[in-house]
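# Chains, contacts and geometry: an overview
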Amino acid sequence: MPHTVTGRFDDGSAYQVQVTGDTDRPVIGSARAAALVELHVDESILLTPTGPLRVVAGDAEETVLAVLSRYTNVIPMGQGTTRL
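What comes next is a walk through the structure. This is a predicted model, so every value here is computed, not measured.

Summarising the element assignment, Pro 76 is placed in the segment after β6 (73-75). Judged by relative accessible area, which is 68%, Pro 76 ranks as exposed. Note: C-alpha distance between Pro 76 and Thr 6 (70 residues apart in sequence) is 7.5 Å.

This is the structure:
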C-alpha cells in the first residue's frame, strides 16, 4: 500500500511523494526525492535513531522512509501518510 510523504529539503523546497514499494521506482512525485533515495540504495541505514540497521532497497518501504526522514524534514500529516 503506497504511503504519501510530505517534507522539505534543507534549502526549504517542499516535496510530496508516494512510497510505492517497487524496486524500479521506490518513490513517485518528486524527481529530487527519487534521486535522493536512488543515491542511497544498497547503503546501510538505521530505521530509527537506535536501530536496527538495514540496507536501503526500493522494495523495502521502511528503508525508503528512513532515507527520507534522515536527509529531509518529513512533515507528519496524520493517518494514511507516513509511518514515522
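Let's pick the thread back up.
All right, on to the pattern of salt bridges then. For side chains bearing opposite charge, pairing can occur when the charged atoms are close. Summed over all chains, the structure comprises 2 salt bridges. Where Asp 11 meets Arg 32, a salt bridge forms, and the shortest distance between an N and an O atom there is 3.1 Å. Residue Asp 11 is located in the loop between β1 (3-8) and β2 (14-19), and its partner Arg 32 is located in helix α1 (residues 31-40); the two are separated by 21 residues in the primary sequence. Since its relative accessible area comes to 42%, Arg 32 is described here as partly exposed. Residues Arg 54 and Glu 62 are paired through a salt bridge, measuring 3.7 Å at the closest nitrogen-oxygen approach. A relative accessible area of 36% places Glu 62 in the partly exposed class.

Once that is clear, we can look at the packing of aromatic side chains. Throughout the structure, instances matching the rule amount to 1 aromatic pair. Judged by centre distance (5.0 Å) and plane angle (45°), the ring pair of Phe 9 and Tyr 15 falls under tilted. One exposure class covers both Phe 9 and Tyr 15, and it is buried. One Lys or Arg, Arg 32, reaches over the ring of Phe 9 and ends 4.0 Å from the middle of that ring.

Every buried residue of α1 is accounted for by Ala 33, Leu 36, Val 37 and His 40. Angular distribution of buried residues about the axis of α1 spans 95°; they occupy a single face of the element. Exposed residues on α1 whose side chains face more than 90 degrees from its buried face are Ala 31, Glu 38 and Leu 39. Contacts from the buried residues of α1 go to β2, β3 (27-28) and α2 (61-71). Trailing α1 by a residue or two, Asp 42 shows a phi angle of about 75°, which is positive.

What counts and what doesn't
- Residues numbered from 1 in each chain as written.
- Predicted model: local features only at pLDDT ≥ 70, side-chain atom pairs only at ≥ 80, totals over all residues.
- Heavy atoms only, no water.
- Helix = DSSP H or I, 4+ residues; strand = E, 2+ residues; numbered from the N terminus.
- Buried < 20%, exposed > 50% of the residue type's maximum accessible area, 1.4 Å probe, protein only.
- Salt bridge = Lys/Arg side-chain N within 4 Å of Asp/Glu carboxyl O.
- Phe/Tyr/Trp six-rings, centres within 6.5 Å; stacked < 30°, edge-to-face > 60°.
- Lys NZ or Arg CZ within 6 Å of the ring centre and 35° of its normal.
- Arc of directions from axis to C-beta.
- Contact = heavy atoms within 4.5 Å.

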